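Remarks on the overall topology
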Amino acid sequence: QLKQQLKAKELGRLYVFHGEETFLLTHYLGQVKKLLLDPVTESFNFHRLNNENFSIEVFADAVENLPMMAEFTFVQVDDIDLFKMNEADRTKMTEILSDIPDYCTVVFTYLTTPWKPDKRLKKLWEAVDGSGEIIEFAKQDQKDLIAWVTRHFAAHKKQITSDLCAYLIDITGGTMTALSGEIDKICAYSGADHIKKTDID
């Protein structure tokens, strides 16, 4: 659904990005940012909040801020556990999330803090679930990863067998973030067109 929205250039107002596959999460976050923001006016229209600068007041201001010389604003909130906020802040957050302006897109990202919604906090949960899309970037299955690893080696003009892809996936733990760095290192190390097990080792 997110891919279709990006293709149609029609994003929603609210997203929650979480999951083990941080490579994909960061990739799609970048796509969202690219679609919404113009590099020239980005400093006015991009608001990024985290544990150091987050407060419900700052968040409310960021969401309500009108776009400057642009069509949209983008608010990115990193690793803030919505369900652990105090009651007053949760009530305010529920109000904000239920009524995000048309010009604003909010993305909550969870990279170091786990996404653990407390559905007993019914109003807040309904505001998140009803107004937004919760997207989990899960670890890819081996078949998809093998195809992805093969493509990444091909981009470096290198060839690799499926068996060696599986071996590399196994020893790196199988996240795209880890694999991406290792593929770059292997390609830099190997002078040949075909990757061998000794290159990986």
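Definitions and cut-offs
In this convention, every chain numbers its residues from 1, walking through the sequence in written order. Given that the model is predicted, a residue must reach a pLDDT of at least 70 before its local features are reported, and side-chain atom pairs must reach 80 or more before they are shown or counted; all residues, however, enter totals for whole chains, interfaces and linings. As a rule here, side-chain values come from all non-hydrogen atoms in the structure, and water together with hydrogens is ignored. Centres within 6.5 Å are what make two rings of Phe, Tyr or Trp a pair, Trp counting through its six-membered ring; a difference in plane orientation under 30 degrees is then read as stacked, over 60 as edge-to-face, and the rest as tilted. Segments assigned H or I by DSSP are reported as helices when at least four residues long, segments assigned E as strands when at least two residues long, and all are numbered from the N terminus. Classification of residues uses two cut-offs on accessible area relative to the type maximum, computed with a 1.4 Å probe and protein chains only: under 20% is buried, over 50% is exposed, and between them is partly exposed. Each patch is built from salt-bridge-free residues with over 30% relative accessible area, joining like charges within 9 Å and nonpolar side chains (Val, Leu, Ile, Met, Phe, Trp, Tyr) within 5 Å. The Shrake-Rupley method, run with a 1.4 Å probe sphere, supplies the accessible areas, and residue values consider only the shown protein chains as cover. What makes a salt bridge here is a side-chain nitrogen of Lys or Arg within 4 Å of a carboxyl oxygen of Asp or Glu, nothing more. Within this scheme, the nonpolar core is defined by two criteria: the residues are buried Ala, Val, Leu, Ile, Met, Phe, Trp, Tyr or Cys, and they are joined through side-chain atoms within 4.5 Å. The criterion used for residue contact is that any of the two residues' heavy atoms lie within 4.5 Å. Lines fitted to C-alpha atoms define the axes here, with helix axes fitted over just the stretch in contact, and angles between the N-to-C directions of these axes take values from 0 to 180 degrees. The cut-offs work like this: below 35 degrees is roughly parallel, past 145 is roughly antiparallel, 65 to 115 is roughly perpendicular, and the gaps in between are oblique. Helix crossings are classified by the rotation of the near helix relative to the far one: an anticlockwise turn of less than a right angle makes the crossing left-handed, while a clockwise turn makes it right-handed. Amino acids outside the nonpolar list (Ala, Val, Leu, Ile, Met, Phe, Trp, Tyr, Cys, Pro) and the charged list (Asp, Glu, Lys, Arg) are all regarded as polar, and Gly is one of them. Whether two strands pair comes down to DSSP finding at least two bridges between them. Method remark: on a 1 Å grid restricted to protein atoms, a set of points is classed as a cavity if a 1.4 Å probe fits but cannot get out and as a pocket if it is open with protein on both sides within 12 Å along at least five of seven lines; lining residues have an atom within 4 Å of a point. Grid points are joined across faces, edges and corners, and a volume is the space filled by probe spheres set on the points.

A word on the packing of aromatic side chains. Across all of its chains, the model carries nine aromatic pairs by this definition. Ring centres of Phe-23 and Trp-148 lie 5.2 Å apart, and the angle between their planes is 75°; on these two criteria the pair is classed as edge-to-face. Of this pair, Phe-23 sits in helix H2 (residues 22–36) while Trp-148 is found in helix H7 (residues 142–155), placing the two residues 125 residues apart along the sequence. A relative accessible area of 8% places Trp-148 in the buried class. Three or more aromatic residues joined by ring pairs form one cluster here, namely Tyr-15, Phe-17, Tyr-28 and Phe-137.

With that settled, consider a nonpolar patch on the surface. Taken together, the side chains of Phe-44, Met-68 and Met-69 define a hydrophobic patch exposed on the protein surface, amounting to about 330 Å² of accessible area. Tracing the sequence through the fold places Met-68 in the loop between helix H4 (56–64) and strand E3 (73–78). Here Met-68 falls in the partly exposed class, since its relative accessible area comes to 40%.

All right, on to the nonpolar core then. Counting 34 residues, the largest nonpolar core has Leu-2, Phe-17, Val-32, Val-149 and Phe-153 as the members making the most contacts within it. Counting residues per element, the ones that place at least two in this core are helix H1 (2–8), strand E1 (14–18), H2, H7, helix H8 (162–172) and helix H9 (176–189). Each residue touching Phe-153, except ones within four places of it in the same chain, is listed here: Lys-158, Ile-160, Leu-168, Ile-183, Ile-186, Cys-187 and Ile-195. Membership of the second largest hydrophobic core comes to 29 residues, among which are Val-63, Val-77, Tyr-110 and Trp-115.

This part is about the packing of helix H5 (residues 87–98) against helix H6 (residues 122–131). Contact pair H5 / H6: the axes reach a minimum separation of 9 Å and the direction vectors enclose 20°. Classified by the interaxial angle, the pair formed by H5 and H6 is roughly parallel. Like other packed secondary-structure pairs, H5 and H6 cross with a definite hand, here left-handed. Between H5, through Arg-90, Met-93, Thr-94, Leu-97 and Ser-98, and H6, the contact on the second element is made entirely by Lys-123, Leu-124, Ala-127, Val-128 and Ser-131. In terms of residue class, the contact of H5 with H6 is made up of five nonpolar, three polar and two charged.

Once that is clear, we can look at the pairing of E1. Among the five residues that make up E1, five are buried, leaving the element largely enclosed by the rest of the structure. Of the two faces of E1, the one carrying Leu-14, Val-16 and His-18 and the one carrying Tyr-15 and Phe-17 are both buried. As judged from the five bridges shared by E1 and strand E4 (residues 104–110), these two strands associate in the parallel manner. In the strand pairing of E4, Phe-17 is matched with Thr-109. One ladder, built from five bridges, connects E1 with strand E5 (residues 132–136); its direction is parallel. Across the sheet, residue Phe-17 finds its bridge partner in E5, namely Ile-135.

So, about the layout of surface pockets. The computed volume of the largest pocket comes to approximately 150 Å³. Lining the largest pocket are Lys-3, Leu-24, His-27, Tyr-28, Ile-135, Glu-136, Phe-137, Ala-138 and Gln-140. For the lining of the largest pocket, the secondary structure elements donating two or more residues are H2 and E5. Broken down by element, the lining of the largest pocket gets its largest block of residues, three residues, from H2. A class-by-class count of the residues in the lining of the largest pocket yields five nonpolar, two polar and two charged.

Limitation: the analysis is restricted to geometry and does not speak to function.
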